[in-house]
Amino acid sequence: MMNNSFVNMASIGEFDPLNASIPATKVEITVSCSKVCVTYPNGILIHLLSHCFVQFGRTEVIDNTLNPDFVRKFILDYFFEERQNLRFDLRSEKPLGGIQGKKCGTIIVKAEELNNCRESVMMQFCGNKLDKKDFFGKSDPFLVFYRSNEDGTFTICHKTEVVKNTLNPVWQAFKIPVRALCNGDYDRTIKVEVYDWDRDGSHDFIGEFSTSYRELSRGQSQFNVYEVVNPKKKGKKKKYLNSGTVTLLSFLVDIEVTFLDYIKGGTQINFTVAIDFTASNGNPAQPTSLHYMSPYQLNAYAMALKAVGEIIQDYDSDKMFPALGFGAKLPPDGRISHEFALNGNPQNPYCAGIDGVMEAYYQSLKSVQLYGPTNFSPVINHVARYAASVKDGSQYFVLLIITDGVISDMAQAKESIVNASCLPMSIIIVGVGPAEFDAMVELDGDEVRISSRGRYAERDIVQFVPFRDYIDRTGNHILSMARLAKDVLAEIPDQFLSYMRTRGIKPSPAPPPYTPPGQPLQTQI
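Along each chain, the written sequence defines residue order, and numbers are assigned to residues from 1. Local features in a predicted model are, by the rule used here, given only for residues with pLDDT of at least 70; side-chain atom pairs are given and counted only at 80 or more, and totals for whole chains, interfaces and linings are based on all residues. No hydrogens and no water enter the side-chain calculation; it runs on all heavy atoms of the structure.

Undergrad: Is there a simple way to explain the sheet that holds strand 12 (residues 189–196) in this structure?
TA: In a beta sheet, neighbouring strands pair by backbone hydrogen bonds and run either parallel or antiparallel. The antiparallel open sheet is built from four strands, whose spatial order is 10-9-12-13. The open sheet has two edge strands with one neighbour each: strand 10 (154–159) and strand 13 (204–212). On average, adjacent strands in this sheet sit at an angle of 30° to one another, irrespective of strand direction. One bridge is not enough; two strands pair if DSSP finds at least two bridges between them. For the purposes of this entry, the term helix denotes a DSSP run of H or I that reaches at least four residues, the term strand denotes a run of E that reaches at least two, and both are numbered from the N terminus. As paired strands, strand 9 (residues 141–148) and strand 10 are joined by five bridges and run antiparallel to one another. Bridge assignment links V144 to a residue of strand 10, and that residue is K159. Each axis is a line fitted through C-alpha atoms, taken for helices only over the stretch in contact, and angles between the N-to-C directions span 0 to 180 degrees.

Listed below in structure tokens is the structure:
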């Protein structure tokens, strides 16, 4: 660690679900460094941390420079009534040997409030007759885009790829949020610099030009052919005209849709729960069992079910939820089942609300015999069959699996997940109890995309968390459940959107506001 900077924006402290507030606005954080006194051939990383200094994100790596200007931005919710502590860690992939008493550089942090702008724009540019900069070749040009700030400074917002050995490059089309390009201000200056790439990082400046979003929105025309000017050359040479031109080839605006756009348009979230009834949970009649029904408090299974279910149920209009069990011997013949209805009705496993699911769970504990093994694939395939029948975006399926131990059908479960990754479906796995859950981390797929028989999952659809990580030390079960739900549901909107976007499914128009019977319709004048 080389340098810490603290920015007091308002502090999150412990997450309190009962007093959590809605952010007043969003702020974009930009990070750069100046005069960093260290040699680092492998590049540097900056970590941005918040919420009691848990990692929030990290920048890209920039090689061989003492003044890195990072492109990646960090969007933070801003709370007026809280003090939010941010810590910036500058790291190297080699140990840093700073000189005691000597200033080792500065981290520069800029914060700017973002307008509520959901537009993105796809643009493509080409260059013509750019200056030759390489002695043995032509040039390796790339573009750097900067947004102007309210104080007159500029903030980097995009870099194109490098096009090798040409004075007439055609860069790939790129997509950028309008808020990143101009903060939603269509007349704000956008500066574009043109460089010749050099392997050692000392890129040669070719020239620059300025434009605005409003000018660019005219699309391909004579108005969007820009002279690339090098101010130093222009000041020294009377006959200097320019260092080439850059032309806008295409400009396409797209409105970014959100998870709530689909919900407002009528998409239903179908919630299914699957509970582990294997013998490793212990005898439900004994207080040491993970299934023990205490008259004084919920067991870990019930807490996980209630925590997640009570949030998801608000996105389902009929609030009828299938509830399944696996790993038990069923009455009357003692057959082992890995896909049985908790309410005892295999033709209709639906329960009324989360309270109905809880009641069915408690009744099952009294009638089935805990056995084994721990097989996930039957319940995953059960939900996948329903998801496969509704792929038009009108429904999305979430399966919650609550388990205590090591999975027995790993190969089959991985194949089921890979198959389900192309369906409108997400899987949440909550591990309860003290067991090791290494296999669950593999199913999660955050580090390495899950695969089966050479096929990789189309999307990351699994989120695993061990419940013990969320238990409040003071015994506050409401807080434990809120922490669990907050983390375990965090990936669902992105998983949902990734399915809709890859299938080209747009949200349906939101229905008109409800008007009570007997009330006149409101007419806008």
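Undergrad: Honestly, the nonpolar core in this entry has me stumped. Any pointers?
TA: One recurring pattern in soluble globular proteins is that nonpolar side chains are buried together. To define a nonpolar core, start from buried Ala, Val, Leu, Ile, Met, Phe, Trp, Tyr and Cys residues and group those joined through side-chain atoms within 4.5 Å. Buried, partly exposed and exposed residues are distinguished by accessible area as a fraction of the type maximum, computed with a 1.4 Å probe on protein chains only: under 20%, between the cut-offs, and over 50%, respectively. F271, V273, F277, I428 and V430 are the most contacted members of the largest nonpolar core, which has 54 residues in total. If you look at the next biggest cluster of nonpolar residues, it comprises 32 residues, including F125, A180, L248 and F251.

Undergrad: In this structure, what is going on with the confidence of the model for the protein? I would like to understand it.
TA: Caution applies to low-pLDDT regions: their predicted coordinates should not be interpreted in detail. Across the protein, the average pLDDT comes to 83, with 83% of residues at or above 70. With pLDDT under 50 throughout, residues 1–24 is counted as low confidence; its partners more than four residues away or in other chains account for 75 contacts. In this model residues 519–525 is a low-confidence stretch, pLDDT under 50, and it forms two contacts with partners more than four residues away in sequence or in other chains. A residue's pLDDT is simply how confident the predictor is in it, with values from 0 to 100. Whether two residues touch is decided by their heavy atoms; if any such pair falls within 4.5 Å, the residues are in contact.

Undergrad: Honestly, a nonpolar patch on the surface in this entry has me stumped. Any pointers?
TA: Only residues whose relative accessible area exceeds 30% and that take part in no salt bridge are eligible for patches, with like-charged residues grouped when within 9 Å of each other and nonpolar side chains (Val, Leu, Ile, Met, Phe, Trp, Tyr) grouped when within 5 Å. To measure how exposed things are, a 1.4 Å probe is used in the Shrake-Rupley method; for residues, cover is taken only from the protein chains shown. Salt bridges are defined by distance alone: a side-chain nitrogen of Lys or Arg within 4 Å of a carboxyl oxygen of Asp or Glu. On the surface, L260, I311 and Y315 cluster together into a nonpolar patch covering about 250 Å² of accessible area. Judged by its relative accessible area of 48%, L260 is partly exposed.

Undergrad: What should I look at first to understand the environment of F145 in this one?
TA: Turning to its location among the elements, F145 is positioned in strand 9. Judged by relative accessible area, F145 falls into the buried class, the value being 1%. As a C-alpha pair, F145 and H158 span 13 residues in sequence and 5.1 Å in three-dimensional space. The residues touching F145, leaving out its near neighbours within four places in the chain, are F125, T155, I156, C157, H158, T160, F174, I190, K191 and V192.

Undergrad: Whenever I open this one, the environment of V379 confuses me. Can you help?
TA: Here V379 is to be found in helix 7 (residues 377–388). A residue is classified by how much of its surface remains accessible, and V379, at 0% relative accessible area, is buried. Between the C-alpha atom of V379 and that of G325, which follows or precedes it by 54 residues, the distance is 8.3 Å. Those residues in contact with V379 that sit more than four places away from it in its chain are A274, L324, F326, H338, E339, L399 and I401.

Undergrad: Hey, could you run me through the pairing of strand 12 in this one?
TA: Most of strand 12 is tucked away, with seven of its eight residues classed as buried. Sheet analysis places strand 12 next to strand 13, joined by eight bridges and oriented antiparallel. If you follow K191 over to strand 13, its bridge partner there is S210.

Undergrad: Looking at this structure, I do not really get the sheet that holds strand 15 (residues 245–255). What am I missing?
TA: Here four strands make up an open sheet; going across it, the order is 11-8-15-14 and the pairing antiparallel. Every interior strand has two partners, whereas the edge strands, strand 11 (174–177) and strand 14 (225–227), have only one. Looking at each pair of strands side by side, their axes are set apart by 35° on average, direction ignored. Taken together, the 10 bridges between strand 8 (residues 119–128) and strand 15 define a ladder with antiparallel strand orientation. Residue pairing for strand 15: F125 is matched across the bridge by L248.

Undergrad: How should I be thinking about the packing of helix 5 (residues 300–312) against helix 6 (residues 353–367) in this particular structure?
TA: In a pair of packed helices, the angle between the axes and the distance between the axes together describe the arrangement. Look at helix 5 against helix 6: their axes get within 10 Å of each other, and the N-to-C directions meet at 160°. For the element pair helix 5 / helix 6, the angle class is roughly antiparallel. Handedness of the helix 5/helix 6 crossing: right-handed. Between helix 5 and helix 6, the residues in contact are Y301, A302, L305, K306, G309 and E310 and I354, D355, V357, M358, Y361 and Y362, respectively. Gly counts as polar in this scheme, as do all residues outside two lists: the nonpolar Ala, Val, Leu, Ile, Met, Phe, Trp, Tyr, Cys and Pro, and the charged Asp, Glu, Lys and Arg. By residue class, the composition of the contact of helix 5 with helix 6 is eight nonpolar, one polar and three charged. Note on terminology: angles under 35 degrees are roughly parallel, angles over 145 are roughly antiparallel, angles of 65 to 115 are roughly perpendicular, and the others are oblique. Crossing handedness is read from the near helix: turned anticlockwise from the far helix by less than a right angle, it gives a left-handed crossing, and turned clockwise, a right-handed one.

Undergrad: What exactly am I supposed to notice about the side chain of D196 here?
TA: One can find D196 in strand 12. In this tally, Asp and Glu contribute negative charge and Lys and Arg positive charge; neither His nor the terminal groups of the chain are included. Despite being buried, D196 has no salt bridge partner; K133 is the closest side chain of opposite charge, sitting 7.3 Å away. Setting aside chain neighbours within four positions, we find D196 in contact with K133, D134, S139, D140, P141, F142, H203, D204 and I206.

Undergrad: How do you make sense of helix 7 when you look at a structure like this?
TA: For an α-helix, the turn length of 3.6 residues means that residues three or four places apart are oriented alike. In this analysis, the expected span of each helix is defined as 1.5 Å times one less than the number of residues it contains. With 12 residues, helix 7 ought to run about 16 Å at 1.5 Å a step, and its terminal C-alpha atoms sit 16 Å apart, in line with that. Every buried residue belonging to helix 7 is among S377, P378, V379, I380, H382, V383, A384 and A387, and all of these are buried. Contact partners of the buried residues in helix 7: strand 16 (268–276), strand 17 (320–326), strand 23 (395–403), helix 8 (410–420) and strand 24 (425–431).

Undergrad: What is the right way to look at the side chain of S289 in this model?
TA: Along the chain, S289 falls in the loop between strand 16 and helix 5. Pairs of N or O atoms within 3.5 Å make up the polar contacts considered here, provided that, within protein, one atom can donate a hydrogen while the other can accept it, and that residues adjacent in sequence are counted only when both atoms are side-chain atoms. Within the structure, S289 has its side chain in polar contact with the backbone oxygen of N281 (distance 3.1 Å). Among residues more than four places away in sequence, those in contact with S289 are N281, G282, N283 and P284.

Undergrad: Mind showing me how you'd approach the packing of aromatic side chains here?
TA: Note on aromatic pairs: each is described by the distance of the centres and the angle between the planes. Aromatic pairs are defined between Phe, Tyr and Trp rings, using the six-membered ring for Trp, whenever the two ring centres lie within 6.5 Å; interplanar angles under 30 degrees are classed as stacked, those over 60 as edge-to-face, and all others as tilted. Per the counting criterion, the structure on display carries 18 aromatic pairs. Ring centres of F125 and F174 lie 6.4 Å apart, and the angle between their planes is 20°; on these two criteria the pair is classed as stacked. Taken together, the residues F125 in strand 8 and F174 in strand 11 connect sequence positions 49 residues apart. Of the two residues, F125 and F174, neither departs from the other in class, the shared state being buried. Pairing F326 with F376 gives two aromatic rings, centres 5.8 Å apart and planes at 80°, and the pair type is edge-to-face. One end of the pair, F326, is in strand 17; the other, F376, is in the loop between strand 22 (369–370) and helix 7, and 50 residues separate them in sequence. Ring-pair connections join several aromatic residues into one group, and the members of that group are F259, Y262, Y315, Y396 and F496. Throughout this description, the term charge over a ring refers to an Arg CZ or Lys NZ atom that lies within 6 Å of the ring centre and within 35 degrees of the ring normal. One residue, R218, lies across the ring of F223, its end atom 4.2 Å from the ring centre.

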